[in-house]
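So the chains spell out like this:
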Amino acid sequence: MAGELGGQGLKDALVILGAAGIVIPAFARLRISPVIGFIIVGMIVGPFGLGGLASQHQWLNSITITDPSGIEPFAEFGIILLLFAIGLELSFRRLNAMRGAIFGIGAAEMLLCALFIATGLWIEGEAPRSAAMLGFALAMSSTALVLPIAGMHSPVGRSAFAMLLFEDLALVPLLFVLANAGPVAALPLVFLMGIAVIAAMLVVGRYLLPPLFAQAARTKSPELFLAVTLLVVILASLATSATGLSPILGALVAGLVIAETDYRSEVEVVSAPFRGLGLGVFLITVGMRIDFQLLAGMWLQLAGGLAAVLVTKALVTGGLLRISGSRSAIAAETGLLMASPSETTLILIGAAAATGALAPSTASFWQAVTAIGLTVTPLLALVGRSAGRRVDQRANDEPEASDAKGRIVIFGFGRVGRMVADMLIAHERPYLAVESDVDGVRQALSAGYNVLFGDVRRSELADKLQLGHAAALVLTMDDPVLVAQLARRVRGLVPALPIIARARDTDHAAQLYKAGVTDAVPETLEASLQLAEAVLVDVGAAMGPVIASIHEKRAELRSEIMSQAELESEPRLGRRRLRDWRPNVP
């Protein structure tokens, strides 16, 4: 075992990680989806590419994968993490609001696509049972590719999401029917067991997960937080697998439960690298399935089969969206994006072939069609996006962006952050506070404040908070280095965002102005000036001279900050604007 791990396993891991390190930056520079790159890498390094020549040329062994089955478990885990991420994007409130779209247009899209595809296969001579199985399998669209390409907040992404979610839910009974060699009469029992397990997961998760994540958050260890997250996902997947259901359903439910907690954003951030790598491994395995000799010998049949599936699904999906009231451009783009088969198509065909429901030759043919279809999905997305350029930009205003628009984001919710929030509440200004102290978050939430648990050190958090829509950002942490780092990072991401920062003294204030803050408030100096003023008045000093001396001291501090920060105009110690100053450029 150790020898296998040290040889083949580590070699395959090296190939995958090397591909990820080369493919992602290269395709990002070319502004091409890395999805295509991963599939191409799989075609090159797989057993039908250079891997097939490794036995003749030993040096190819170090850069190829000759046994795809060795990495398929990691690819399946990547799909599980992807479904978990989808669950995180949901909430029961959102599911309830989308129930019409999910069980309306989502159900109609899948059933109609399956019906038309199965009918066409039956006319071509396929047995009725095989035609029906292939119809449902090929009707699936790729969650792993569509959502990363379209996102979940664009009009196309929202339209596709409802249909993809119904397909993911429908995968459960389909996988059971196709993979079950026993009698179909046992299906109701499996459903009852599955419903019981899912209900138990929802109830237990609601009361167990918050304290579990709270303990992990108190350690301030991202590694422990990630470990708890993966533990929850794996346990949920094993629970649904034990009842005969798909493990991805358990991952989806786990995401749903965590989405209802205060730790959703942090979980999403810490698990993102694993989801990306898992998806990349899956795409590499897809490329490995493409047999070049099969393509050369049956290219006309493969092209015809793929074209028939693509046209059927594009027309059905686009037509349904158009009938439901979507704009023509959105319907066309979504139809093309959803036209390809799915990664779950490969799973369903493989399950049917394993039970003998599909002939091996038939399964191999349609698996090749599916692999090619997955490969061209990003190209279809480009064509669809070109067709959808006339979409009204106002359609891109999703509810999440409207919630974030105009609110004030507060980083840190200690004594200073709470005081800022109190003033914003008094003036009826929307706000969202982010705090990494889980106990502080729980106390603030119980007191009625709008606080989210999260680690502001993570750069990904800026995307989740949609700072581009915020009215201002307030940095209240008592950590000079962190405040300066955050100010510099956010200023680079959102150049026009007003940033108000808590400063300790003039030196710190000057550093913050250099970092790009709009206003820096040196709290210790203001407190010292007010304290000195109170002392002088109480001991009998005349009010006029005292106030004059306070103004002189402030002027001295302004000059000091101006010199240190290289400002062209004097700061007003917390009341000047970013546009009033410019750093000196040599």
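Residues numbered from 1 in each chain as written. Predicted model: local features only at pLDDT ≥ 70, side-chain atom pairs only at ≥ 80, totals over all residues. Heavy atoms only, no water.

1. Observations regarding the overall build of the chain
Looking only at helices and strands, the chain has 24 helices and six strands in total. The proportion of buried residues among the 586 residues of the chain is 50%. On the chain, roughly 27400 Å² of surface is accessible, and the fraction owed to carbon and sulfur atoms is 64%. (Helix = DSSP H or I, 4+ residues; strand = E, 2+ residues; numbered from the N terminus. Buried < 20%, exposed > 50% of the residue type's maximum accessible area, 1.4 Å probe, protein only. Areas by Shrake-Rupley, 256 points an atom, 1.4 Å probe, with all protein chains shown as cover.)

2. Let's talk about the pairing of strand 6 (residues 519-522)
Across four bridges, the pairing between strand 5 (residues 499-503) and strand 6 is parallel. In the sheet register, Ala-501 faces strand 6, and the bridge partner there is Ala-520. Chirality of the crossover, the property in question, places the unit of strand 5, helix 22 (residues 506-515) and strand 6 among those that are right-handed. (Pairing = 2+ DSSP bridges. Right-handed = clockwise from strand over helix to strand, strands pointing away.)

3. Some thoughts on empty space enclosed by the protein
Enumeration over the complete set of coordinates arrives at two cavities of 30 Å³ or more. As a volume, the second largest cavity reaches approximately 30 Å³. Lining the second largest cavity we find Met-477, Asp-478, Asp-479, Pro-480, Arg-502, Ala-503, Arg-504, His-508 and Glu-523. The residue makeup of the lining of the second largest cavity, split by class, is three nonpolar, one polar and five charged. (1 Å grid on protein atoms, 1.4 Å probe; cavity = no way out; pocket = protein on both sides within 12 Å on 5 of 7 lines; lining within 4 Å. Points joined across faces, edges and corners; volume = space filled by probe spheres on them. Nonpolar A, V, L, I, M, F, W, Y, C, P; charged D, E, K, R; others polar.)

4. As for the packing of aromatic side chains
If you walk through the whole model with that rule in mind, you get five aromatic pairs. Arranged with centres 5.9 Å apart and planes meeting at 25°, the rings of Phe-225 and Phe-453 form a pair that is stacked. Residue Phe-225 is located in helix 10 (residues 222-242), and its partner Phe-453 is located in strand 3 (residues 451-453); the two are separated by 228 residues in the primary sequence. When its relative accessible area of 5% is taken as the criterion, Phe-453 is described as buried. When the ring of Phe-413 is compared with that of Tyr-449, the centres are 5.1 Å apart and the planes differ by 65°; the resulting orientation is edge-to-face. (Phe/Tyr/Trp six-rings, centres within 6.5 Å; stacked < 30°, edge-to-face > 60°.)

5. A few points about the nonpolar core
In terms of nonpolar packing, the biggest core is built from 134 residues, with Phe-213, Phe-225 and Trp-366 touching the most fellow members. Considering each element in turn, this core owes the most residues, eleven residues, to helix 8 (residues 155-179). Filtering out sequence-adjacent residues up to four positions away, Phe-225 remains in contact with Phe-213, Ala-216, Ala-217, Tyr-263, Glu-266, Val-267, Val-270 and Phe-453. Counting residues in hydrophobic clusters, the runner-up holds 30 residues, among them Leu-465, Leu-482, Leu-512 and Ala-515. (Core = buried A, V, L, I, M, F, W, Y, C linked by side-chain atoms within 4.5 Å. Contact = heavy atoms within 4.5 Å.)

6. What to know about the confidence of the model for the chain
Across the chain, pLDDT averages 76, with 81% of residues at or above 70. Mean pLDDT values for the elements of the chain range from 48 in helix 17 (residues 399-404) up to 91 in strand 1 (residues 408-411). Segment residues 1-5: pLDDT under 50, and two contacts once partners within four positions in sequence are set aside and those in other chains are kept. (pLDDT = per-residue confidence, 0-100.)

7. Topic: unusual backbone geometry
Trans is the prevailing form of peptide bonds, just as negative phi is the prevailing case for residues other than glycine. Here the phi dihedral of Glu-428 falls at roughly 55°; this positive angle occurs in a residue that is not glycine. What makes Glu-428 exposed here is its relative accessible area of 72%.

8. With respect to the pairing of strand 2 (residues 431-435)
Look at any regular strand and the pattern is simple: side chains alternate between the two faces of the sheet. Taking burial as the measure, the five residues of strand 2 include five buried ones, the bulk of the element. Examined bridge by bridge, strand 1 and strand 2 share four bridges and lie parallel to one another. Following the sheet pairing, Ile-410 is matched in strand 2 by Ala-433. Remark: the strand 1/helix 18 (residues 415-426)/strand 2 crossover connection has right-handed handedness. Here strand 2 pairs with strand 3 via three bridges, running parallel.

9. Topic: the sheet that holds strand 6
Read from one edge to the other, the open sheet built from six strands follows the order 3-2-1-4-5-6, with strand pairing classed as parallel. One side of each edge strand has no neighbouring strand; the edge strands of this open sheet are strand 3 and strand 6. The average undirected angle you get between the axes of adjacent strands in this sheet is 20°. Running over the sheet, helix 18 touches strand 1, strand 2, strand 4 (472-475) and strand 5 and is turned about 165° from strand 1. Across the sheet, helix 21 (residues 480-493) lies against strand 1, strand 4 and strand 5, angled at about 170° from strand 5, the strand it touches most. (Axes fitted to C-alpha atoms, helices over the stretch in contact; angles between N-to-C directions.)

10. With respect to the side chain of Ser-340
When you line up the elements, Ser-340 lands in the loop between helix 14 (328-337) and helix 15 (343-354). Residue classification places Ser-340 among the buried positions, given a relative accessible area of 2%. Looking at Ser-340, its side chain comes within polar contact range of the main-chain oxygen of Gly-373, at 3.0 Å. Ser-340 has contacts with Met-140, Ser-141, Ser-142, Leu-310, Lys-313, Gly-373, Val-376, Thr-377 and Leu-380, leaving out every residue within four places of it along the chain. (Polar contact = N/O pair within 3.5 Å; in protein donor to acceptor, adjacent residues only side chain to side chain.)

11. Quick look at the environment of Ala-487
Summarising the element assignment, Ala-487 is placed in helix 21. Distance from Ala-487 to Leu-475, taken between C-alpha atoms, is 8.1 Å for residues twelve residues apart in sequence. Those residues in contact with Ala-487 that lie beyond four places of it in its chain are Leu-475, Ile-499, Ala-515 and Val-517.

12. Let's talk about the packing of helix 3 (residues 72-89) against helix 10
At a minimum axis distance of 11 Å, the contact between helix 3 and helix 10 shows a crossing angle of 100°. The angle between helix 3 and helix 10 places the two elements in the roughly perpendicular class. Judged by residue contacts, Phe-77, Ile-80, Leu-81 and Phe-84 of helix 3 engage Thr-229, Leu-230, Val-233, Ile-234 and Ser-237 from helix 10. (Parallel < 35°, antiparallel > 145°, perpendicular 65-115°, else oblique.)

13. Quick notes on the packing of helix 5 (residues 99-123) against helix 6 (residues 128-139)
Running from amino to carboxyl end, helix 5 crosses helix 6 at an angle of 140°, the nearest separation of the two axes being 7 Å. Relative to helix 6, the element helix 5 lies oblique. At the point where helix 5 passes helix 6, the crossing takes the right-handed sense. Contacts between helix 5 and helix 6 involve Glu-109, Met-110, Leu-111, Cys-113, Ala-114, Ile-117, Ala-118, Leu-121 and Trp-122 from the former and Pro-128, Ala-131, Ala-132, Leu-134, Gly-135, Phe-136, Leu-138 and Ala-139 from the latter. Its residues assigned to classes, the contact of helix 5 with helix 6 comprises 15 nonpolar, one polar and one charged. (Left-handed = near helix turned anticlockwise from the far one by under 90°.)

14. Remarks on helix 15
With twelve residues, helix 15 should cover 16 Å at 1.5 Å per step; its first-to-last C-alpha distance of 17 Å lies within 8% of that length. Of all the positions in helix 15, only Glu-343, Thr-344, Thr-345, Leu-346, Leu-348, Ile-349, Ala-351 and Ala-352 are classed as buried. Gly-356 sits one or two positions beyond helix 15 and adopts a positive phi of about 85°. (Expected span 1.5 Å × (residues − 1).)

15. Observations concerning helix 21
With 14 residues, helix 21 extends 20 Å between its outermost C-alpha atoms, agreeing within 8% with the 20 Å of an ideal straight helix rising 1.5 Å per residue. Those residues of helix 21 not exposed but buried are Leu-482, Val-483, Ala-484, Leu-486, Ala-487, Val-490 and Arg-491. Lining the buried residues of helix 21 we find strand 1, strand 4, strand 5 and helix 22.

16. A few points about the environment of Ala-242
Along the chain, Ala-242 falls in helix 10. Separated by 45 residues in the primary sequence, Ala-242 and Val-197 have C-alpha atoms spaced 9.4 Å apart.

17. Notes on a nonpolar patch on the surface
A grouping of Ile-40, Ile-44, Leu-50, Leu-53, Trp-59 and Ile-63 is seen on the molecular surface, where their side chains present a nonpolar patch of about 530 Å² in accessible area. Mapping Trp-59 onto the fold places it in the loop between helix 2 (34-45) and helix 3. (Patch = residues over 30% accessible without salt bridge, like charges linked within 9 Å, V, L, I, M, F, W, Y side chains within 5 Å. Salt bridge = Lys/Arg side-chain N within 4 Å of Asp/Glu carboxyl O.)

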